[in-house]
Structures are given as C-alpha cells and as structure tokens.
Amino acid sequence: MTDRDQAWISDTMDKIREKIGWVSEKNKDKIPYTTNENGDYDDRSDMTKKWNADDGLNWWTNGFWGGIMWLLYQDTKDERYAAIARTCERKLEQTFSDFYGLHHDVGFMFMPTAVADYRITGNEEAKKAALHAANLLAGRFNPQGNFIRAWNDSPNQDTRGWAIIDCMFNISLLYWASEETDDPRYRQIAMRHADSVMTHFVRQDGSSIHIGEFDPETGAFVKSRGGQGYGEGSAWTRGQGWALYGFVNSYINSGKAEYLDTAKRVAHYCIANIPESGIIPVDFRQPAEPAWEDSCGACVIAGGLIELANHVPDIEKQIYLRPAVKILKAITEKRADWSHDCDAIVQNCTGAYHDRRHHFTMVYADYFYIEAVYKLNRTGIFMW
Ligand code: GLY
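Cut-off values and rules
Residues numbered from 1 in each chain as written. Predicted model: local features only at pLDDT ≥ 70, side-chain atom pairs only at ≥ 80, totals over all residues. Heavy atoms only, no water. Near = heavy atom within 4 Å. Polar contact = N/O pair within 3.5 Å; in protein donor to acceptor, adjacent residues only side chain to side chain. Areas by Shrake-Rupley, 256 points an atom, 1.4 Å probe, with all protein chains shown as cover. Nonpolar A, V, L, I, M, F, W, Y, C, P; charged D, E, K, R; others polar. Core = buried A, V, L, I, M, F, W, Y, C linked by side-chain atoms within 4.5 Å. Buried < 20%, exposed > 50% of the residue type's maximum accessible area, 1.4 Å probe, protein only. Helix = DSSP H or I, 4+ residues; strand = E, 2+ residues; numbered from the N terminus. Contact = heavy atoms within 4.5 Å. Expected span 1.5 Å × (residues − 1). Bend = angle between axes of the 7 residues up to and from the residue. Pairing = 2+ DSSP bridges. Axes fitted to C-alpha atoms, helices over the stretch in contact; angles between N-to-C directions. Parallel < 35°, antiparallel > 145°, perpendicular 65-115°, else oblique. Left-handed = near helix turned anticlockwise from the far one by under 90°.

Caption draft 1: The site of the ligand, seen in detail. Around the ligand, the neighbouring residues are W60, D166, Q228, W236, R238, W242 and Y364. Contacts to the ligand include Q228, whose side-chain N or O atom sits 2.8 Å from an oxygen atom. R238 places a polar side-chain atom, nitrogen or oxygen, 2.5 Å from an oxygen atom of the ligand. Relative to its unbound accessible surface of 200 Å², the ligand loses 92% to contact with the protein. Looking at the shell around the ligand residue by residue, the classes come out as 4 nonpolar, 1 polar and 2 charged.

Caption draft 2: Spatial organisation of the nonpolar core. Judged by nonpolar contacts, the single largest core of 130 residues is most densely connected at L173, W242, F368, Y369, I370 and W384. The element that contributes the greatest number of residues to this core is helix α14 (residues 363–376), accounting for 11 residues. Apart from residues no more than four positions distant in its own chain, Y369 is found in contact with T12, I16, C299, L328, I331, T332, W338, I345 and V346.

Caption draft 3: Here's a closer look at helix α5 (residues 106–121). For α5, built from 16 residues, the straight-helix expectation of 22 Å at 1.5 Å per residue is met to within 8% by its first-to-last C-alpha distance of 21 Å. Remark: the principal bend of α5, roughly 35 degrees, maps to P112. The buried count for α5 comes to 13 of 16 residues, which makes it a mostly enclosed element. Positioned one or two residues after α5, G122 has a phi angle of 75 degrees, which is positive.

Caption draft 4: A look at the pairing of strand β4 (residues 211–214). Of the two faces of β4, both are covered, the one formed by I211 and E213 as well as the one formed by G212 and F214. Pairing analysis gives 3 bridges linking strand β3 (residues 162–164) to β4, with the strands arranged antiparallel. In the strand pairing of β4, I164 is matched with I211. Alignment of β4 against strand β5 (residues 221–225), held across 4 bridges, turns out to be antiparallel. When the sheet's bridge partners are listed, E213 is paired in β5 with K223.

Caption draft 5: Summary view of unusual backbone geometry. Following E289, the chain continues to P290 via a peptide bond in cis, the omega torsion being -5 degrees. The residue P290 is located in the loop between α11 (257–273) and α12 (295–309) in this model. The backbone phi angle of F99 is positive, close to 60 degrees, even though this residue is not glycine. Mapping F99 onto the fold places it in the loop between α4 (95–98) and α5. Here D182, not a glycine, exhibits a phi torsion of approximately 60 degrees, which is positive. Residue position: D182 is located in the loop between α8 (172–181) and α9 (185–200).

Caption draft 6: Structural context of the sheet that holds β5. If you trace the 3 strands from one edge of the open sheet to the other, you get β3-β4-β5, paired in antiparallel fashion. Only two strands of the sheet have a single partner each, and these edge strands are β3 and β5. Taking each pair of neighbouring strands and ignoring which way they run, the sheet shows an average axis angle of 25 degrees.

Caption draft 7: Just the packing of helix α10 (residues 237–254) against α11, in detail. The geometry of α10 relative to α11 is characterised by a closest axis approach of 8 Å and an angle of 155 degrees between their N-to-C directions. Relative to α11, α10 is oriented roughly antiparallel. The hand of the α10/α11 crossing is left-handed. Contacts between α10 and α11 pair Q240, A243, L244, F247, V248, S250, Y251 and S254 from the former with A257, Y259, L260, T262, A263, V266, A267, Y269 and C270 from the latter. Of the residues contributing to the contact of α10 with α11, the split by class is 13 nonpolar, 4 polar and no charged.

Caption draft 8: Spatial organisation of the environment of E180. The topology assignment puts E180 in helix α8. For the pair E180 and K127, spaced 53 residues apart in sequence, the C-alpha to C-alpha distance is 8.8 Å. The contact partners of E180, leaving out residues within four places of it in the chain, are Y118 and K127. Of note is the side chain of E180, whose polar atom sits 3.1 Å from the side chain of Y118.

Written as structure tokens, this is what we have:
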C-alpha cells in the first residue's frame with residue numbers, strides 16, 4: 001500500500017464516520033434496505049407484516065444495518081452503535097417465532113448481528129439466537145446432493161433442489177456454530193455444501209453460475225440457471241463476489257487448501273474482467289448497452305480480494321490488493337454520496353439484471369463498502 005493509498009483510506013474512514021454518525025441517529029429505530037426519492041431510508045422491521053411480505057422483518061438483508069453498527073462500534077467504541085445494533089437484533093429474533101418466512105439467508109441475517117455481538121462483547125443472549133439460526137440453516141441440508149436448499153416452497157416454481165452461490169456466505173454461520181459447540185456436524189454440512197459448489201458451480205474459467213439445480217431425491221446435478229445475472233452461462237458480478245469471498249471464508253474457517261485455490265480462480269476471472277473505469281457491471285457477460293451497474297457487487301468483490309490478500313504469500317498480495325483499491329476508489333470518487341441528501345453512501349446498485357429497477361441504494365452495499373475500507377486499514381474483527 002503506498003503512502004497515497006494510506007492517506008486515501010484514512011480520509012475515506014473520516015467520511016464514513018461523519019456520514020454514519022448522523023445516518024445512524026436519524027434511522028436508529030429502523031432496519032433499512034434502500035432509500036426513497038427523497039433520500040430517506042425505508043424500514044423493513046415492521047413486525048405486523050406477514051412473514052411472506054418481501055419488505056417485512058425476515059427480509060434477507062436485515063442483518064446488514066446491525067453489521068454497519070458493529071463495524072462503527074469497533075472503530076469508535078461509541079456505545080450508541082452497540083445499542084442500535086442490539087435494537088436490530090431484538091427485532092430479528094422475532095422471526096424465529098414466525099418460522100415460515102425464514103430461509104437460507106439466516107447467515108446473512110445473524111452473522112453481522114448476533115454472531116458479531118457475541119464475538120465483540122461476549123453477549124450470551126446473542127450466542128443463543130445465533131445457534132438457533134445455525135440449526136435452522138443446518139436443517140435445510142439435503143444429504144443426497146450435499147447442498148443447502150435455497151428459498152422456500154413457491155406456487156410457481158419447484159425449488160426443492162435449488163442451491164445458490166450466495167449461500168457460500170451463509171455457511172459461515174455453520175462453521176461458527178461448530179467452533180462454539182465443539183460439535184463437528186455444522187462444519188461437516190458447510191464443507192459438503194462448499195465441495196458441491198466447487199464441483200458444480202465454479203466453471204473452468206473461474207466464473208461461477210448463480211443457481212444450481214439438483215434432483216432433490218437422487219441428488220443428481222440437473223442444470224445451472226441464470227438467476228439474477230444476464231442469463232444461463234453468464235457471470236452475475238455479485239455472484240462472483242459471493243463465490244470469491246465465500247471460498248476465502250470457507251478456507252479460513254476450515255483450513256481446506258482447495259477452497260483457497262478456488263477463491264483464487266474466481267478472483268483471477270474477476271480481475272481479468274474489471275473495466276478500465278473500475279465501475280462494475282451487473283454481469284461480466286452483459287451486452288455493452290444498457291450499461292447497468294452494480295456497485296454492491298463491486299464492494300463484495302473488493303472485500304473478497306482484500307481478504308484473499310491476507311492469505312497469500314507477500315509476493316502475491318498486490319495481485320489482489322491493487323484491483324480491490326481500484327474498485328473502492330471508483331466507488332468513493334464516482335458512486336458515493338457523502339452529502340446529507342441521501343441516507344446511503346453507495347449509489348447505483350442493482351438487484352438483478354432483468355429487474356425493472358436499476359441503480360438504487362442497498363444497505364448491504366454500504367455494509368460491504370465500509371467493511372472493505374476498514375479491512376484495508378486492519379480495523380476490527382473478521383466478520384464471516
Ligand atoms: N443474496 C441475494 C443477492 O445478492 O441479491
């Protein structure tokens with residue numbers, strides 16, 4: 001890292017502290033996902049909404065607001081952040097009693113909230129909630145195909161045999177549960193899932209599919225699906241981020257060297273496809289027009305590259321750090337809002353290539369952006 005890079009990191013951290021300082025106070029009783037046309041955060045923590053409302057309490061990104069609070073807490077030691085994170089945690093625990101709306105994304109919900117709380121403060125109540133979530137996730141494992149089932153029953157689609165690349169992040173909850181309980185079952189499930197993903201999702205060229213479909217009775221791999229990317233055979237960028245960073249996480253949590261090699265392959269695919277501008281498209285294989293972007297995928301990829309650099313010999317580190325810094329500088333200089341006009345920092349995120357809506361804010365883009373900048377500065381614990 002050059003002196004100029006260090007100065008840039010330190011300046012960006014100051015901007016983050018300033019922005020999250022007032023944004024957290026303004027939104028302390030909410031669990032936000034995105035901003036409206038006035039730049040105000042919405043609230044996905046309405047406990048009166050039915051479990052199947054997609055803007056209700058079990059919305060999959062609802063752990064990232066608490067995660068941002070824990071990142072800021074570790075940096076500033078301001079108790080206000082811990083209090084806001086715990087308000088969020090108490091609400092998320094209500095999803096256990098509804099049960100039906102919960103899904104494979106309990107890892108995304110409870111790792112940056114309950115597990116972070118327990119790791120940072122030793123809170124036993126948080127540990128209990130996180131173990132409960134880990135058991136729900138383990139219950140989704142199909143031992144025939146060795147995969148964790150994505151999503152729940154749907155009237156329009158038979159998803160019993162579906163697994164998705166995103167789950168490479170959710171399984172961190174299982175590794176953590178094995179560590180805490182000294183019971184290897186959770187880790188074994190996580191590794192079987194990771195092994196299946198290594199075999200069926202990551203292509204020869206290092207890119208990853210989004211959805212893999214197995215026969216839920218025999219476990220045979222049936223086919224890949226395009227999911228949130230441009231189409232079958234394409235390379236949804238946020239999915240490349242889930243694969244790259246997810247395999248690094250699995251390596252850290254299990255020590256299995258093939259996971260690190262797989263993370264490197266995905267990283268090399270990503271690095272070869274980062275545009276000169278550093279602005280990341282929704283899919284690395286999308287047509288030139290419309291030029292839909294996904295700043296959220298950009299931040300996940302950057303975070304994965306930085307974490308990968310922590311686990312390779314010194315001589316290799318810059319291979320991963322240089323493109324990560326390029327991506328984060330592009331976000332900071334061209335796609336970040338530091339004003340009081342918008343509650344979110346990171347702009348121009350996209351949920352899925354074929355959605356009607358593109359280029360909006362997402363709370364988890366802010367989470368992964370802040371996490372990546374802090375990671376560059378070596379501030380805070382490893383969250384996954
Ligand atoms: N995990 C879902 C997404 O990345 O949109």
